[in-house]
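Residue strings, one per chain:
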Amino acid sequence: MKTEILVVGHKKFHKPLFKNEYKKIFVGPNQANLASGQDYRDSSGDNIAEKNANYNEMTAIYWAWKNLDLDNYGFCHYRRFLKYDGKLLDKKTIDRLLQTYDVIVPKVEKYGDGIRTYEEIYLETVKYNDVDLLRGIITKNHPEWLNAFNHVMSEQSGNGHMRNTFIMTNQAFDSYCSFIFTLLFELEEIVPKSEITGQRTRMFGFLSEKLLDVWIENNQANFVEAEMIFSELGMKRVNNKVKHLMKGAE
């Protein structure tokens, strides 16, 4: 099984010291000065790197979809990694889990006050109801997605599988990317660039986080949750432990 977890970053960072499964992918305007010959960049091959300011880590996800041929695709961030059963996810564990599940996602994260819906919180934060614009697109072009979209966006729990952090089988990843980039590109066509300012600058990245749950619900994807490690300091400690174990095995 060919499995890779792409660690998305826009500056120098530590990644797990496993042999082959973790790969750095740099995004943003400074990537050429950061990437070595062994790292990926979202500006090579078939890419949407020029959209990174609005799409955030989704430009790395698009790049992997169009340029890599893997059995399992994973994504995390330079400050956020996934662990399962108390251990950082490695290829052996990932391959075992994805024999049973379609997707590995972070544990549900609370993003609101538990009273308002995601749509209400987004509107208050961004000042534009882009959720309703998406609803109009789905109603017109993709009605088969509407029930899942309305359910996820209207939930008042304020919970979700956020951060665009996940690991998927090849089949699930292709389905997810077809779904999400279809919607985001169609939304981009109807939003004037002159109106994409302030917090709305990152609108496609913000919306994509919640659209993951829409895709999961609509496709009845079988998923398992993993814990998230939130700090670069934590990754330094993990790497120090890995180095110690490697030294002891010599």
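Residues numbered from 1 in each chain as written. Predicted model: local features only at pLDDT ≥ 70, side-chain atom pairs only at ≥ 80, totals over all residues. Heavy atoms only, no water.

(A) Expanded view of the environment of Leu 88. Mapped onto the secondary structure, Leu 88 falls in strand 6 (residues 87–88). For Leu 88, a relative accessible area of 11% puts it in the buried group. (Helix = DSSP H or I, 4+ residues; strand = E, 2+ residues; numbered from the N terminus. Buried < 20%, exposed > 50% of the residue type's maximum accessible area, 1.4 Å probe, protein only.)

(B) Structural detail: the layout of surface pockets. Of the pockets and cavities examined, the largest pocket occupies roughly 770 Å³. Listing elements by their share of the lining of the largest pocket, those giving two or more residues are strand 1 (3–9), strand 8 (109–110), helix 5 (118–126) and helix 9 (203–219). No other element matches helix 5, which puts 5 residues into the lining of the largest pocket. Looking at the lining of the largest pocket residue by residue, the classes come out as 11 nonpolar, 9 polar and 8 charged. (1 Å grid on protein atoms, 1.4 Å probe; cavity = no way out; pocket = protein on both sides within 12 Å on 5 of 7 lines; lining within 4 Å. Points joined across faces, edges and corners; volume = space filled by probe spheres on them. Nonpolar A, V, L, I, M, F, W, Y, C, P; charged D, E, K, R; others polar.)

(C) Just the side chain of Asn 164, in detail. Structurally, Asn 164 is set in the loop between strand 9 (159–160) and strand 10 (166–169). A distance of 2.7 Å separates the side chain of Asn 164 from the side chain of Glu 57, its partner in a polar contact. Apart from residues lying up to four places away in sequence, Asn 164 is in contact with Glu 57, Met 58, Ile 61, Phe 75, His 77, Tyr 176, Gly 205, Ser 208 and Glu 209. (Polar contact = N/O pair within 3.5 Å; in protein donor to acceptor, adjacent residues only side chain to side chain. Contact = heavy atoms within 4.5 Å.)

(D) Representation of the pattern of salt bridges. As enumerated under the stated definition, the model contains 9 salt bridges in all. Close ionic contact of Glu 109 with Arg 163 constitutes a salt bridge, the shortest N to O distance being 2.6 Å. Note that Glu 109 is positioned in strand 8 and Arg 163 in the loop between strand 9 and strand 10, a separation of 54 residues in sequence. Here the salt bridges do not stand alone but share partners, grouping Glu 119, Asp 132 and Arg 135 into one network. (Salt bridge = Lys/Arg side-chain N within 4 Å of Asp/Glu carboxyl O.)

(E) Quick peek at the packing of helix 6 (residues 130–141) against helix 8 (residues 170–190). Running from N to C, helix 6 and helix 8 cross one another at 115 degrees; their axes reach a closest spacing of 10 Å. Relative to helix 8, the element helix 6 lies roughly perpendicular. Seen from above, helix 6 lies across helix 8 with right-handed handedness. Contacts from Leu 133, Leu 134, Ile 137, Ile 138 and Asn 141 in helix 6 reach Leu 183, Glu 186, Leu 187 and Ile 190 in helix 8. Here the residues of the contact of helix 6 with helix 8 are counted per class, giving 7 nonpolar, 1 polar and 1 charged. (Axes fitted to C-alpha atoms, helices over the stretch in contact; angles between N-to-C directions. Parallel < 35°, antiparallel > 145°, perpendicular 65-115°, else oblique. Left-handed = near helix turned anticlockwise from the far one by under 90°.)

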